Amino acid sequence: MRNLIQPVLTIAGKDIRDALKDRFIILMTAFLLLASLVALAVAAIALKVDVATYAEAKAGLIALGKDASTIPDPAFYPLKLLRGFVEHVEIIGAIIGILIGYRAAASERGRQTLALIVTRPISQWQFLAGKVLAGTAIISSGLILAFVIAGIAVIAISGIVLNPEDIGRLAIVMSAAGLYALAFFLLGFVTALWAKKLPNALLLAFTVWLSFVLIAPQIGDTLDPDNQVAGGVFKQLQIAKPQQVEILQSFSTYETIRNGIEVASPTKHFERLSFAVLGIKDTYAGQPLMPILAEKASDLVWLLAIALALGLLLFARRLDPNRLSKE
Amino acid sequence: MNTYVVETRQLTKRYGDHAAVKNLSLSVERGEVFGFLGHNGAGKTTTIHMLTTLLKPTSGTALVCGKSVTDQSLEARRHIGYVPENVRLYDTMTARANLLFFARLSGVENPDRRIDETLDFLECRDLAPRLVGSFSKGLRQRIGLAQAILHRPDVLFLDEPTSGLDPMGIKTLRDLIVRLNREFGTTIFMNTHLISEISRTCTSIGVLNQGELVFRDTIEKVTERYGSESSLEELYLSVTPVQAKGAA
Ligand SMILES: Nc1ncnc2c1ncn2[C@@H]1O[C@H](COP(=O)(O)OP(=O)(O)OP(=O)(O)O)[C@@H](O)[C@H]1O
Ligand SMILES: [Mg+2]
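Residues numbered from 1 in each chain as written. Chains lettered and ligands numbered in written order. Predicted model: local features only at pLDDT ≥ 70, side-chain atom pairs only at ≥ 80, totals over all residues. Heavy atoms only, no water.

Colleague: Before we move on, can you summarise the overall build of chain B with the specific residues and values?
Modeller: Along its length, chain B carries nine helices and ten strands. Oriented by its inertia axes, the alpha-carbon framework of chain B measures out at about 50 × 40 × 35 Å. Looking at chain B as a whole, 55% of its 248 residues are labelled buried. Taken as a whole, chain B presents about 10700 Å² of accessible surface, with 48% of it coming from carbon and sulfur. Between the averaged position of the 30 positive side-chain charges in chain B and that of its 29 negative side-chain charges there is a distance of 4 Å. (Helix = DSSP H or I, 4+ residues; strand = E, 2+ residues; numbered from the N terminus. Buried < 20%, exposed > 50% of the residue type's maximum accessible area, 1.4 Å probe, protein only. Areas by Shrake-Rupley, 256 points an atom, 1.4 Å probe, with all protein chains shown as cover. Lys, Arg positive; Asp, Glu negative; His and termini not counted. Charge placed at Lys NZ, Arg CZ, Asp CG, Glu CD.)

Listed below in structure tokens is the structure:
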């Protein structure tokens, strides 16, 4: 048993120490944290403006001698402040994942070290497992740091102490973010391990990033009529529910394509899950956790499936010695 | 138990239509310092890659210390050390950290002590705390060699070990190889272009031409038959008559 695990830990340990010395990875992580804090601050300011508007309206009503209790206090969900943070994790988290994966392979190529590792009495799976373990550890510690800071910032800004359920919600989103970043880690690692030339690997990985992180969710969003009119098309046109269903049926092919584009993107799955669990999407705000989880479990399964598929791809293929010594 | 440390039969590697190594049947005995000569593109590196289990042969068999490099590759790897051409290791790690990494992967017991012993043997203990990225080519080669002998392999494969070294570096390396062979009994399998090195270091040679073994004998027999070093060059040129088609 020790003989099976020890090489895996040796390889993982080396990679973790190496990544911690990588200025670019540190810089990107710092950038993610900074951008998230800025997004939180902006959200907090927007919230303050909303609260002020509400207080003004209420004061106006009272001044007019009307009963202010007819307008309810606005519900306030501190986790909603995390919208910008989640969006940054989607975009920058994916980049960090790709970069860590890329360097896990690139650091061995062109220096003959991969050839040296492969001629040691260890199996290929042990080498790959060591790399994936290191990637998982680096990503996890980065995300834990980011989520703890974001959580503290939310408490500081809103003045509301998060209850255990809120912390549970954060933990769920953090795990999903881990799977999400791991998928991009595997993408960066597989391409850098297999590409004939290393720069091509980065090009390919970032083309995928561009398509699935930036473009696909945008297409999905833009094609969704609900996103083109504030509050939703049907609500604005005051169309009743039965009619909505009828109208939607005639657009079913369109909707299938739109949904298909979204489903192909891990980013969208992560977003759907996170926005629901954190109550960022209005329909889910203040709803109990369990039904939301039941509804969004498929998104988690999709993320898992994408990471698993990339992992299988990685482990199924024999390392090509022609790649071992080439930059 | 047979005395052959390397034993190949009809070993062949094809890339498409092109055979990089053709029906190579070659044996190297325990304790030999074997020099593998040939033009650029003759198939020397390809042969070493197959013997170090990096590359799967297209056909034929190869045994290292009696273990098949294809069917018993893990066992075969325990017996080999490998220094690739232009070996570099990890620039951002110290020499000791690099060696510790490879010692662990090789399953060396008590790695710290073994590293000290190895560095002492190579007369470069002072390199241990320094970053490999700051090393000259000669020092990198030294640490590359240290990495390959940490686990005291039966056979050491060296691919163009003198490539890029200055005359002093070449001499130092040559002395180390000879000492390694004498003190540890390590069999050496060395690719080279340099005929001058062969007569000083090797106990036997093989010449590869366009993937085929065209000459194989001990240095003793060669010098007996052909005399001085310049004749070795003549011999080499006579057995590799045509410049290989694809060679640069
Ligand atoms: N991955 C590959 N794909 C196709 N052909 C290859 C590949 N690797 C090597 N070759 C060819 O195989 C032949 C032998 O190459 P090899 O590197 O073994 O030669 P060598 O004797 O080591 O040469 P050098 O002295 O230049 O190092 C060459 O013709 C080379 O072009
Ligand atoms: Mg070569």
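Colleague: With reference to specific residues and values, describe helix 10 (residues 252-263) of chain A.
Modeller: At 3.6 residues per turn, the α-helix brings residues three or four places apart onto the same side. Residues and elements named next belong to chain A. Spanning twelve residues, helix 10 covers 16 Å between terminal C-alpha atoms, matching the ideal 16 Å at 1.5 Å per step. Of the residues making up helix 10, those classed as buried are Arg258, Glu262 and Val263. Buried residues in helix 10, looked at end-on, bunch into an arc of 135°, giving them a common side. Summarising the geometry of helix 10, the exposed residues directed more than 90 degrees from the buried face are Thr253, Thr256 and Ile257. (Expected span 1.5 Å × (residues − 1). Arc of directions from axis to C-beta.)

Colleague: So what's going on with the pattern of salt bridges? Which residues, and what values?
Modeller: One pass over the full model with this rule turns up 26 salt bridges over all chains. Arg103 of chain A is the partner of Asp22 of chain A in a salt bridge, and the nearest nitrogen-oxygen pair spans 2.6 Å. Residue Asp22 of chain A is found in the loop between helix 1 (2-20) and helix 2 (23-63), and its partner Arg103 of chain A is found in helix 3 (residues 83-106); the two are separated by 81 residues along the sequence. For Lys80 of chain A, the salt bridge goes to Asp282 of chain A, with nearest N and O atoms at 2.5 Å. With Lys80 of chain A in the loop between helix 2 and helix 3 and Asp282 of chain A in the loop between helix 11 (266-277) and helix 12 (289-316), this residue pair connects regions lying 202 residues apart in the sequence. One network of salt bridges, with partners in common, ties together Arg96, Asp112, Asp116, Asp120 and Arg125 of chain B. (Salt bridge = Lys/Arg side-chain N within 4 Å of Asp/Glu carboxyl O.)

Colleague: Describe in detail the side chain of Ser68 of chain B, supporting the description with residues and values.
Modeller: Residue and element names in this part refer to chain B. Take Ser68: it is sitting in strand 5 (residues 67-68). Residue Ser68 is classed as buried on the basis of its relative accessible area, which comes to 11%. Within the local environment of Ser68, its side chain forms a polar contact with the side chain of Thr70, the two groups lying 3.0 Å apart. Sequence-distant contacts of Ser68, that is, excluding residues within four places in its chain, are made with Ala62, Leu63, Ser73 and Ala76. (Polar contact = N/O pair within 3.5 Å; in protein donor to acceptor, adjacent residues only side chain to side chain. Contact = heavy atoms within 4.5 Å.)

Colleague: Can you tell me about the packing of aromatic side chains, naming the residues and giving the values?
Modeller: Counting across every chain of the model gives 13 aromatic pairs over all chains. Each ring, one from Phe185 of chain A and one from Phe189 of chain A, has its centre 5.9 Å from the other, and the planes form 20°; the classification is stacked. In this pair, Phe185 of chain A and Phe189 of chain A both sit in helix 6 (residues 164-194), four residues apart, roughly one turn of the helix. We classify Phe189 of chain A as buried; its relative accessible area is 0%. Cluster of aromatic residues (ring-pair linked, three or more members): Phe34, Phe36, Phe157 and Phe189 of chain B. The side chain of Arg317 of chain A reaches across the aromatic face of Trp194 of chain A, ending 4.1 Å from its centre. Cation over ring: Lys13 of chain B sits above Tyr15 of chain B, and NZ or CZ is 5.6 Å from the ring centre. (Phe/Tyr/Trp six-rings, centres within 6.5 Å; stacked < 30°, edge-to-face > 60°. Lys NZ or Arg CZ within 6 Å of the ring centre and 35° of its normal.)

Colleague: Talk me through the nonpolar core; I want residue IDs and the actual numbers.
Modeller: Ranked by size, the top nonpolar core spans 160 residues in total, and within it Phe157 and Phe189 of chain B carry the most contacts. Sort the elements by how many residues they give to this core and helix 6 of chain A lands first, with 18 residues. Excluding residues that lie within four positions of it along the chain, Phe157 of chain B makes contacts with Val6, Ile48, Leu51, Thr52, Val64, Ile80, Gly81, Tyr82, Val83 and Phe189 of chain B. (Core = buried A, V, L, I, M, F, W, Y, C linked by side-chain atoms within 4.5 Å.)

Colleague: Tell me about the sheet that holds strand 6 (residues 80-83) of chain B, residues and numbers included.
Modeller: Residue and element names in this part refer to chain B. Taking strand neighbours across the sheet as the criterion, the six strands line up as 6-7-8-3-9-10 in an open arrangement whose pairing is mixed. Only two strands of the sheet have a single partner each, and these edge strands are strand 6 and strand 10 (212-218). Neighbour to neighbour, the strand axes of the sheet diverge by 15° on average, direction disregarded. When strand 3 (residues 33-38) meets strand 8 (residues 187-192), the two strands line up parallel, connected through five bridges. (Pairing = 2+ DSSP bridges. Axes fitted to C-alpha atoms, helices over the stretch in contact; angles between N-to-C directions.)

Colleague: Go over the interface of chain A and chain B with me, naming the residues and quoting the values.
Modeller: With 26 residues of chain A at the contact, the number on the chain B side is 29 residues. Both sides together, the interface formed by chain A and chain B hides about 2600 Å², and carbon and sulfur atoms give 62% of it. Of all residues in chain A, the largest losses of buried area upon contact with chain B belong to Arg111, Leu116 and Arg120 of chain A, amounting jointly to 27% of the total for that side. The interface formed by chain A and chain B contains zero salt bridges. Applying the counting rule to chain A against chain B returns ten residue pairs in polar contact (both at pLDDT 80 or more). Tallying contributions element by element places helix 1 of chain A first for the side of chain A that touches chain B, with six residues. (Buried area = accessible area lost by both parts, 1.4 Å probe.)

Colleague: Describe in detail the environment of Gly159 of chain A, supporting the description with residues and values.
Modeller: Looking at where Gly159 of chain A falls in the secondary structure, it is placed in the loop between helix 5 (124-158) and helix 6. With 136 residues separating them in the primary sequence, Gly159 of chain A and Glu295 of chain A have C-alpha atoms 31 Å apart.

Colleague: Now, about the confidence of the model for chain A: what can you tell me, with residues and values included?
Modeller: Of all residues in chain A, 91% have pLDDT values of 70 or greater, and the mean over the chain is 85. When mean pLDDT is compared element by element in chain A, helix 6 of chain A scores highest at 93, while helix 13 (residues 321-324) of chain A scores lowest at 66. (pLDDT = per-residue confidence, 0-100.)

Colleague: Residues and numbers for the sheet that holds strand 5 of chain B, please.
Modeller: All names here are of chain B. If you walk across this open sheet you meet the four strands as 2-1-4-5, and the pairing is antiparallel. Strands with a single pairing partner mark the edges of an open sheet, and in this sheet they are strand 2 (18-29) and strand 5. Note that strand 1 (residues 4-15) and strand 4 (residues 59-64) share five bridges and pair antiparallel. Its bridge partner lying in strand 4, Glu7 is registered against Leu63. Packing against the sheet, helix 1 (residues 44-51) makes contact with strand 1, strand 2 and strand 4, and its axis sits at approximately 120° to strand 1.

Colleague: Could you give an account of a nonpolar patch on the surface, naming the residues involved and the relevant values?
Modeller: Residue and element names in this part refer to chain A. Together, Leu4, Ile5, Leu9, Trp125, Leu133 and Phe315 make up an exposed nonpolar region whose accessible area comes to about 530 Å². The biggest single contributor to the nonpolar patch is helix 1, with three residues. With respect to the secondary-structure elements, Ile5 resides in helix 1. You can call Ile5 partly exposed: its relative accessible area is 35%. (Patch = residues over 30% accessible without salt bridge, like charges linked within 9 Å, V, L, I, M, F, W, Y side chains within 5 Å.)

Colleague: Tell me what's going on with the packing of helix 3 of chain A against helix 5 of chain A, and back it up with residues and numbers.
Modeller: Residue and element names in this part refer to chain A. Taken N-terminus to C-terminus, the directions of helix 3 and helix 5 make an angle of 155°; their axes are 11 Å apart at the nearest point. Here helix 3 lies roughly antiparallel to helix 5, going by the angle between them. Considering only the axes of helix 3 and helix 5, their crossing is right-handed. Contacts between helix 3 and helix 5 involve Phe85, Ile100 and Ala104 from the former and Lys131, Gly135, Ile138, Ile139, Ala146, Phe147 and Ala150 from the latter. For the contact of helix 3 with helix 5, a count of residues per class yields eight nonpolar, one polar and one charged. (Parallel < 35°, antiparallel > 145°, perpendicular 65-115°, else oblique. Left-handed = near helix turned anticlockwise from the far one by under 90°. Nonpolar A, V, L, I, M, F, W, Y, C, P; charged D, E, K, R; others polar.)

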